[in-house]
Amino acid sequence: MKFEALLKRYWGYDSFRGIQREIIESITGGHDTLGLMPTGGGKSVTFQVPALAMEGTCIVITPLIALMKDQVRNLRRRRIKAAAIYSGMPREQVLTTLENAIFGQVKLLYVSPERLSSELFRTKLRHMRVSFICVDEAHCISQWGYDFRPSYLHIADIRKELPGVPVLALTATATPLVITDIQDKLRAEGDFRLFSMSFERKNLAYRVRRASDKRDELLHLLSTIPGSAIVYVRSRRRTREIAELLCAADVNATFYHAGLDTPTRDERQHNWVEDNVRVMVATNAFGMGIDKPDV
């Protein structure tokens, strides 16, 4: 099936935008590929469409468990065979998911980077037919990136298990130094192809206001602008304080920071994404990978 036909059948769009098609053609052509796309630029289409077009299972490596679950849920709604493996899953469930991938029942297998060093995962991977590896938030592999994750370094190790399988790296942020480091750490070979699109976001507007009373200004903005919102603050303590302030003013709000346990963070992100909560008060631990059009 042609790429456009897959796009239309599963996502309802008639054509690709930006550099989506170039990236898809590159990875399906067997080339190691790096795509630089702004948040909201349609990164997921660049690996989900070729995963459907190619034989085998696409391994998607992403650090965001909540986003992983969200994407799997959305793909299954479209009747696409997707699954995820992440920390906290029972061993039996992990084993069943990996066996399903071996028997061709999974087109997209989402994996947290920490799982890559697992002996169980490595053993099962050797029996899988892998179409390609997709590395989301690829700047996490670079020591020069703002969000370096040592577990990402295991990606190069699993490439040894999969000779000839291409890798697609995607990120919304990469300096020339980070790009070189991504290529090096992924052990990209041959004609490593780079595609980049403009990071100008015509649907975003920026406005700076000087306020003598930030509380009143915040309540005024939330009362005059519809849709959901994120309020960023500098400390974990302030996330709770501002959320309580908003709730006292009858604004449905919750808070998020890295000090909360994973189930709590996942639940709060889910409630915000599903519009059960209107306002998220957060530190900069929140936001990466969020897909919500009405913020």
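The notes below deal with the structure included here. Everything quoted here is computed from the prediction, not taken from an experiment.

A few points about the environment of Thr-254
- By secondary structure assignment, the location of Thr-254 is in strand β9 (residues 253–256).
- Residue Thr-254 is classed as buried on the basis of its relative accessible area, which comes to 12%.
- Through-space distance from the C-alpha of Thr-254 to that of Met-280 is 5.4 Å; in sequence the pair is 26 residues apart.
- Ignoring any residue separated from it by four or fewer positions in sequence, one finds Thr-254 in contact with Ala-243, Arg-268, Val-277, Val-279, Met-280 and Val-281.

Topic: the sheet that holds strand β8 (residues 229–232)
- As summarised here, the arrangement of the 3 strands in space is β8-β10-β9, forming an open sheet in which the pairing is parallel. Here the strands that pair on one side only, and so sit at the sheet edges, are β8 and β9. The sheet shows a mean angle of 25° between the axes of neighbouring strands, direction not considered.
- As defined by bridge partners, β8 adjoins strand β10 (residues 279–282) across 4 bridges and the pair is classed as parallel. The residue bridging Ala-229 from the neighbouring strand is Val-279, located in β10.
- Of the strands in this sheet, β8, β9 and β10 are in contact with helix α10 (residues 236–248), which crosses β9 at around 175°.

What about helix α8 (residues 176–185)?
- Three or more residues of α8 are buried, namely Val-178, Ile-179, Asp-181 and Ile-182. Buried residues of α8 fall within an arc of 165° about the axis and therefore sit on the same side. For α8, the exposed residues lying more than 90 degrees away from the buried face are Pro-176, Thr-180 and Asp-184.
- Buried residues along α8 sit in contact with β1 (33–36), β6 (167–171) and β7 (193–196).
- Of the residues trailing α8, Arg-187 is marked for its positive phi of about 55°.

With respect to helix α11 (residues 262–273)
- The end-to-end C-alpha distance of α11 is 16 Å, a good match for the 16 Å that 12 residues give at a rise of 1.5 Å each.
- The set of residues buried in α11 consists of Arg-265, Asp-266, Arg-268, Gln-269, Trp-272 and Val-273. Along α11, the residues classed as buried sweep out an arc of 170° about the axis, all on the same side. Opposite the buried face of α11, by more than 90 degrees, sit the exposed residues Pro-263 and Glu-267.
- Tucked inside the fold, the buried residues of α11 contact α4 (65–77), β8, β9 and β10.
- Looking one or two residues beyond α11, the residue adopting positive phi is Asp-275, at roughly 65°.

A closer look at the pairing of strand β3 (residues 82–85)
- Side-chain alternation along β3 places Ala-82 and Ala-84 on one buried face and Ala-83 and Ile-85 on a second face that is also buried.
- Across 4 bridges, the pairing between β3 and strand β4 (residues 108–111) is parallel. Looking at the pairing, Ala-83 lines up with Leu-109 of β4.
- Traced from β3 through helix α5 (residues 91–102) to β4, the parallel crossover comes out right-handed.

A look at the environment of Val-106
- For Val-106, the location among the structural elements is in the loop between α5 and β4.
- Its relative accessible area of 5% is what places Val-106 among the buried residues.
- Along the chain, Val-106 and Ile-59 lie 47 residues apart, while their C-alpha atoms are 9.8 Å from each other.
- Apart from the residues lying within four places of it in its own chain, the contact partners of Val-106 are Gly-56, Thr-57, Lys-81, Ala-82, Ala-83, Thr-97, Asn-100 and Ala-101.

A word on unusual backbone geometry
- Even without glycine at this site, Glu-137 takes up a positive phi of about 55°.
- Looking at the element boundaries, Glu-137 is found in the loop between β5 (130–135) and α7 (154–161).
- For Glu-137, a relative accessible area of 5% puts it in the buried group.
- Even without being a glycine, Asp-250 presents a positive backbone phi close to 65°.
- Inspection of the secondary structure puts Asp-250 in the loop between α10 and β9.

Procedures and definitions
Residues numbered from 1 in each chain as written. Predicted model: local features only at pLDDT ≥ 70, side-chain atom pairs only at ≥ 80, totals over all residues. Heavy atoms only, no water. Helix = DSSP H or I, 4+ residues; strand = E, 2+ residues; numbered from the N terminus. Buried < 20%, exposed > 50% of the residue type's maximum accessible area, 1.4 Å probe, protein only. Contact = heavy atoms within 4.5 Å. Pairing = 2+ DSSP bridges. Axes fitted to C-alpha atoms, helices over the stretch in contact; angles between N-to-C directions. Arc of directions from axis to C-beta. Expected span 1.5 Å × (residues − 1). Right-handed = clockwise from strand over helix to strand, strands pointing away.

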